[in-house]
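Residues per chain, in single letters:
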Amino acid sequence: ASLRVSGTITFGGGTIAGLINVQPGGLVHIKGYSILSGTLAVQSGGRAHIEGQGSGETTLTGSGVLTGAGDLLITNASLGSYYGLAVYGQYALTGLLTLDNGTAAFYTPTLLSRVVLTNPYGSLSGGGKIVTVTQAMTWGGGPAGHLAIAPGATLRVDAPSGNTLYGYLTNYGTVDWLQGWLAS
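Chains are numbered independently. Their residues run from 1 in the order of the written sequence. The model is predicted, so local features are restricted to residues of pLDDT at least 70 and side-chain atom pairs to those at 80 or more, both for listing and for counting; the totals for chains, interfaces and linings are taken over all residues. With hydrogens and water set aside, each side-chain value is computed from the structure's full complement of heavy atoms.

Comment: elements are numbered from the N terminus, with helices defined as DSSP H or I runs of at least four residues and strands as E runs of at least two. Assigned secondary structure in the protein chain consists of zero helices and 25 strands. C-alpha atoms define the radius of gyration, and 2.2 Å times the number of residues to the power 0.38 defines the globule rule. On C-alpha atoms alone, the protein chain measures out to a radius of gyration of 15 Å, which is about the 16 Å that the 2.2 N^0.38 rule sets for 184 residues. Referenced to the eigenvectors of the C-alpha coordinate spread, the extents of the protein chain come out at roughly 45 × 35 × 25 Å. Exposed residues in this analysis have more than 50% of their type's maximum accessible area, buried residues have under 20%, and partly exposed residues fall in between, with area computed by a 1.4 Å probe over protein chains only. Residue burial in the protein chain is summarised as follows: out of 184 residues, 49% are buried. When contacts within the protein chain are restricted to residue pairs at least 6 apart in sequence, those whose partners lie at least 24 apart make up 29%. Should any heavy atoms of two residues lie within 4.5 Å, those residues are considered in contact.

Below is the structure:
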């Protein structure tokens, strides 16, 4: 089964299977506790928004796939609640990943093209696995796990409230440190 989205659709929890193909200009909004066991394909110009609800997060299962050149925004309706997206499946989205009071936890080694971690209430973790940024990351606050910056990639640190690193940072690219501190 497949669903082509060119407008806006909201899922309020439950299991989401099959193929969801988000077209340019389309938006898929997933709220609360959801299980994504199919394929979410976000085309260039399309968007997906995963919104944690308190302690409810969306899980991309081992058979789940998140792919395409579109953008993903992860938020949480409860300020300071670290729930958003837990990734056990294949994350192959090459658009912008924005964590704005939302969490992305990757339980398999993952490549991310572009990442923005906006504030101290969001987080990027690897669940013990390495998350590698291949193009650019802006770290404006919040904790991160094992993080690698690939050759040719840039990490921009602009965190007046500081950052916490739970793991290690391996830099093969360029780090632009504008402000803030790093705790581990």
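The structure having been displayed, the exposition proceeds.
Think of a sheet as strands paired side by side through backbone hydrogen bonds, with each pair either parallel or antiparallel. Spatially, the five strands line up as an open sheet ordered S1-S4-S7-S10-S13, and their pairing is parallel. The open sheet terminates on both sides in strands that have one partner only, identified here as strand S1 (2–5) and strand S13 (90–93). For this sheet, the mean inter-axis angle between neighbouring strands, taken without regard to orientation, is 15 degrees. Two strands are counted as paired when DSSP detects at least two bridges linking them. Judged from the four bridges that link them, strand S4 (residues 19–22) and strand S7 (residues 39–42) form a sheet pairing that is parallel. Each residue of the ladder has a partner; that of Leu-19, found in S7, is Thr-39. For helices, the fitted line uses only the C-alpha atoms of the stretch in contact; every axis is such a line through C-alpha atoms, and the angle between N-to-C directions lies from 0 to 180 degrees.

The next point concerns the packing of aromatic side chains. Note on aromatic pairs: the rings of Phe, Tyr and Trp (six-membered ring only in Trp) are paired at centre separations within 6.5 Å, and the planes decide the class, stacked below 30 degrees, edge-to-face beyond 60, tilted for the rest. Taken as a whole and judged by the stated rule, the model has two aromatic pairs. The interplanar angle of 85 degrees and the centroid separation of 5.3 Å between the aromatic rings of Tyr-91 and Phe-106 together place this pair among those described as edge-to-face. Of this pair, Tyr-91 sits in strand S13 while Phe-106 sits in strand S15 (residues 103–106); the two residues are 15 residues apart in sequence, bridging distant segments of the chain. On the accessibility criterion, Tyr-91 (9% relative accessible area) is buried. Classification of Phe-106 as buried rests on a relative accessible area of 0%.

It is worth spelling out unusual backbone geometry at this point. Leaving glycine aside, a negative phi is the common case for residues, and trans is the common case for peptide bonds. Of note in this structure, Asn-101 is not a glycine but carries a positive phi near 65 degrees. The exposure class of Asn-101 is buried, given its relative accessible area of 7%.

Any carboxyl oxygen of Asp or Glu that lies within 4 Å of a side-chain nitrogen of Lys or Arg is treated as forming a salt bridge with it. Counted under the stated rule, the structure contains two salt bridges. Note that Asp-71 is salt-bridged to Arg-114, the shortest N-O span being 3.9 Å. Of this pair, Asp-71 sits in strand S11 (residues 71–76) while Arg-114 is found in strand S16 (residues 110–117), placing the two residues 43 residues apart along the sequence. Residue Asp-71 is classed as partly exposed on the basis of its relative accessible area, which comes to 30%. With a relative accessible area of 32%, Arg-114 lands in the partly exposed category.

This part takes up the nonpolar core. Side-chain atoms within 4.5 Å link the members of a nonpolar core, which is a set of buried Ala, Val, Leu, Ile, Met, Phe, Trp, Tyr and Cys residues. Ranked by size, the top nonpolar core spans 40 residues in total, and within it Leu-40, Leu-72, Tyr-91, Phe-106, Leu-124 and Trp-139 carry the most contacts. For this core, the element with the most residues is strand S18 (residues 131–139), which contributes four residues. Setting aside residues up to four positions removed in sequence, Trp-139 forms contacts with Leu-117, Ala-144, Leu-147, Leu-155, Arg-156, Val-157, Asp-158, Ala-159, Asn-163, Thr-164, Leu-165 and Leu-182.

Pairing of strand S14 (residues 96–100) with S16, which is carried by four bridges, proceeds in the parallel orientation. For Leu-96, the partnering residue across the bridge sits in S16 and is Arg-114. Examined bridge by bridge, S16 and S18 share seven bridges and lie parallel to one another. Bridge pairing links Val-116 to Thr-138 in S18.

Inspection of the secondary structure assignment puts Leu-178 in strand S24 (residues 174–179). Given a relative accessible area of 47%, Leu-178 falls into the partly exposed group. In this structure, the C-alpha to C-alpha distance between Leu-178 and Leu-99, residues 79 residues apart in sequence, is 20 Å. Sequence-distant contacts of Leu-178, that is, excluding residues within four places in its chain, are made with Arg-156, Val-157 and Asp-158.

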